[in-house]
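The chain contents come next:
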Amino acid sequence: MKKILFVTSEVHPLIKTGGLADVSSSLPKALTALGQEVKLILPNYHGLKLGQIPNVIALFRIGRHTVQLLETMLPHSSVVVWLVDCPEFFNMAGNPYVDAAGNAHPNNAERFALFCRAAIEVAMNRVQLNWKADVVHCNDWQTGLVPALLSLEYQCPTTVFTIHNLAYQGLFTGLTAALLQLPGQLLSPDGLEFHGMISFIKGGIVYADKITTVSPTYAQDIQTPELGYGLEGLLIYRDEDLTGIINGVDGDWNTEEDPLIAQNYNSSSLNDKVINKTALQARLNLPIDEKVFVLGLISRLVEQKGIDMLLDCLPELLTLPLQIVILGAGDKEFERRLQQFAAAYPHKMTLIVGYDEALAHQIEAGADVFLMPSRFEPCGLNQMYSQRYGTLPIVRNTGGLADTVVDTLPETIANHTATGFIFNDAHAGTFLEAIKRATLLYSFPEVWRQLQVNAMSRDFSWQNSAAQYLELYESIE
Ligand code: ADP
Ligand code: GLC
């Protein structure tokens, strides 16, 4: 049995901005089910959704800051969560990374440096908890200083760093190094320095014993200039220690038991799925029509997700007999342009700006297809949720989308492996063509039903992926 400290900046259902929160909840649970002892550690943000008041279990200092360690449980699990409480850094409005206006918190470098240092104190058993980690598993740039600083410790635990998204690197001016009092030996170009800046993500990529990313294809993608953001050389150098392990789907996404949808169903009762379609139409004031083709999209509205391609498609798409339901928030300009279309075509398109967990489930259950035209996608979760819900994903051929969706072609229809629609080029035209391909097949109900059954029978359970992580932990000397 390994003692694993899982270091993350968000975890569902306590706080979530994207898929990292889902993984930070599901993977520790799945590792626990494999008999491992996992402790989750994250900052005690003021917006955390905590069921009960957590207990104070330790008190220590990081530099001139006093830190309390609080303990609670991850809801519906036996996973212990440790919260790093330091109100001057984490008791602020907005989400973990940005303020209410969408601007990065100005002291993010100090905030996450303190979080990393606190995680190290805990991992090294220096806070009187009588618990020392065997493995410290870090996630994304917010935790990147952990492997870097741990590398300077005597008898340190082994480290794994998972890249969920290389586009976010935690880059700060060179002056930050002094502000954070980072040890000089970490500051060379072989260490944290990146073109005169300090890169938190390099802390993970340079110093962790093993690096993972969230799909095999993305592990390759980031070794190219197009998606490596200047780190491709380093990633190629570390290729032997870099693996892609695909994410899984949490048990909450289960059509048979989902309490958030109008009608539960499974692959043998797919006729019932339409009740979710009409419930969704009713909720969103769209014309109620069982037959109309409904396209869903749930996403952070950012460039990564190909929202510009969708916008370019909309003028033609909205001439077709279909309905489009979009739930998301992010870039204000994307929100504004999408809203213009929704206002012009109220009987065909609805945009809900915001974050709504229940509606996300209702869209997955009620739509016929799910749009995910990402420019890049490390893994992507919604294309997997969609397949589980018999809602065929239309995705671009990149990263985890390429690894989890099987395109609908004559041979994949014949051998019952087709589960969605894939297009190659990042252009509105090719995206539109894929949507039209789906529309055409939707007019053949028997073929469509078989595609849904194929999709719903895919195994996206966390068990397999957690077993791969465990094997990786055990492979480190
Ligand atoms: P990313 O982490 O890049 O945002 P993923 O596909 O890995 O993309 O995960 C996104 C997660 O966030 C999914 O669970 C998705 O359902 C959820 N999500 C994104 N936007 C919203 C929203 N506006 N309301 C509810 N859930 C959302
Ligand atoms: C990131 C990626 C997404 C991935 C998620 C969880 O936010 O953008 O593709 O699914 O992390 O690993």
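In the block above lies the structure referred to throughout.
Here the structure is a predicted model, which is why all the values come from computation and not from measurement.

> I keep staring at the site of ligand 1 and nothing clicks. Help me out?
Around ligand 1, the surrounding shell holds 21 residues, and the nearest of these are G19, R300, K305, G354 and L381. Backbone polar atom of D356 to a nitrogen atom of ligand 1: 3.1 Å apart, as the coordinates give it. A distance of 2.9 Å separates an oxygen atom of ligand 1 from a polar atom in the backbone of L381. Against a free-state accessible area of 560 Å², the protein chains account for coverage of 92% of ligand 1. Elements supplying a minimum of two residues to the shell around ligand 1: α1 (19-33), β13 (293-301), β14 (322-330) and α14 (382-388). Looking at which element gives the most residues to the shell around ligand 1, the answer is β13, with three residues. Residue composition of the shell around ligand 1, by class: seven nonpolar, eight polar and six charged. There are two domains that each give the shell around ligand 1 at least three residues, and those are domain 1 (3-248 + 463-475) and domain 2 (270-456).

> Any chance you could explain the sheet that holds strand β8 (residues 171-173) here in plain terms?
In a beta sheet, neighbouring strands are held together by backbone hydrogen bonds and run either parallel or antiparallel to one another. In spatial order, the strands read β8-β10-β9; together these three strands make up an open sheet with antiparallel pairing. Strands at the two margins of the open sheet, each flanked by one partner only, are β8 and β9 (193-194). Here helix α6 (residues 200-207) sits on the sheet and contacts β8, β9 and β10 (197-199); the angle it forms with β10, its principal contact strand, is near 55 degrees.

> Honestly, helix α18 (residues 445-456) in this entry has me stumped. Any pointers?
What sets the pattern is the α-helix's 3.6 residues per turn: residues three or four places apart point alike. Helix length check: α18 (12 residues) gives 16 Å between terminal C-alpha atoms against 16 Å at 1.5 Å per residue, within 8%. Every buried residue of α18 is listed here: W448, L451, Q452, N454, A455 and M456.

Rules used in this analysis
- Residues numbered from 1 in each chain as written.
- Chains lettered and ligands numbered in written order.
- Predicted model: local features only at pLDDT ≥ 70, side-chain atom pairs only at ≥ 80, totals over all residues.
- Heavy atoms only, no water.
- Near = heavy atom within 4 Å.
- Polar contact = N/O pair within 3.5 Å; in protein donor to acceptor, adjacent residues only side chain to side chain.
- Areas by Shrake-Rupley, 256 points an atom, 1.4 Å probe, with all protein chains shown as cover.
- Helix = DSSP H or I, 4+ residues; strand = E, 2+ residues; numbered from the N terminus.
- Nonpolar A, V, L, I, M, F, W, Y, C, P; charged D, E, K, R; others polar.
- Domains from an automatic or database assignment.
- Pairing = 2+ DSSP bridges.
- Contact = heavy atoms within 4.5 Å.
- Axes fitted to C-alpha atoms, helices over the stretch in contact; angles between N-to-C directions.
- Expected span 1.5 Å × (residues − 1).
- Buried < 20%, exposed > 50% of the residue type's maximum accessible area, 1.4 Å probe, protein only.

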